[in-house]
Amino acid sequence: GGVQDEAAFESCKEICIEMGTYFQAQDDYLDCFGDPEVIGKIGTDIEDNKCGWLICKGLEKMTDAQKQIIQENYGKKDAECVAKIKAVYREINVEQDFKDYENDSYKKLQGLIDSQTFVPGDVYKKLLKKIYKRQK
């Protein structure tokens, strides 16, 4: 049983890893910037000290002063600390970084899906349609 064609397996793996990475980055974005009324919860990634997409991307472009604010406030269950983290995120425009990543990831996935012939493209495209620009 299972897939015997190594190329088919690698193609599927590449698409699924890219889609899963995109989904997780999107989940991290929604945890911070999503509307709690829409996503059905109040995000706590900052308070829980999670190493998510936003903090990793943000650290790439923060100044030393901004990194100091992160160091002093990230991972604390305090609304003021969370507000300071989100203020840094806004200063460095990490929301736009995510939107750019989302668009790039979508284009990359479309290309990967269109270039493979092992699985009907609609199988992947239906899944991608469900997650692309989701709000919850």
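Everything that follows concerns the structure shown earlier in this document.
None of the values given here were measured: they were computed from a predicted structure.

Q: Help me out: how do you make sense of the packing of helix α1 (residues 6–33) against helix α6 (residues 94–115) in this one?
A: Angle between the axes and distance between the axes: these two values describe a pair of packed helices. Relative to each other, α1 and α6 sit at 160°, their axes nearing to 10 Å. Looking at the two axes, α1 sits roughly antiparallel to α6. Like other packed secondary-structure pairs, α1 and α6 cross with a definite hand, here left-handed. From α1, Glu14, Ile15, Glu18, Met19, Thr21, Tyr22, Ala25, Gln26, Tyr29 and Phe33 reach across to α6, where they touch Val94, Glu95, Phe98, Lys99, Tyr101, Glu102, Ser105, Lys108, Leu109, Leu112 and Ile113. Across the contact of α1 with α6, the residue classes break down as twelve nonpolar, three polar and six charged.

Q: Can you help me understand unusual backbone geometry in this one?
A: Most peptide bonds are trans, and most residues other than glycine sit at a negative phi. Residue Asn49 is not a glycine yet carries a positive backbone phi of 60°. Checked against the element boundaries, Asn49 lands in the loop between α2 (36–39) and α3 (53–61). Even without a glycine there, the phi angle at Lys133 is positive, about 60°. By secondary structure assignment, the location of Lys133 is in the segment after α7 (121–131).

Definitions and cut-offs
Throughout this document, residue positions are counted from 1 along each chain, in the order its sequence is written. In keeping with the model being predicted, local features are shown solely for residues with a pLDDT of at least 70 and side-chain atom pairs are shown and tallied solely at 80 or more, while totals for entire chains, interfaces and linings include all residues. With hydrogens and water excluded, all non-hydrogen atoms of the structure serve as input to the side-chain values. To obtain each axis, a line is fitted to C-alpha atoms, and for helices this fit is confined to the stretch in contact; angles are then taken between N-to-C directions over 0 to 180 degrees. Each helix is a run of DSSP H or I of at least 4 residues and each strand a run of E of at least 2, with the numbering of both proceeding from the N terminus. In these notes the angle categories are as follows: under 35 degrees is roughly parallel, over 145 is roughly antiparallel, 65 to 115 is roughly perpendicular, and the rest is oblique. Note: crossing handedness is left-handed where the near helix turns anticlockwise from the far helix by less than a right angle, and right-handed where it turns clockwise. Should any heavy atoms of two residues lie within 4.5 Å, those residues are counted as being in contact. Put simply, Ala, Val, Leu, Ile, Met, Phe, Trp, Tyr, Cys and Pro go in the nonpolar bin, Asp, Glu, Lys and Arg in the charged bin, and everything else, Gly too, in the polar bin.

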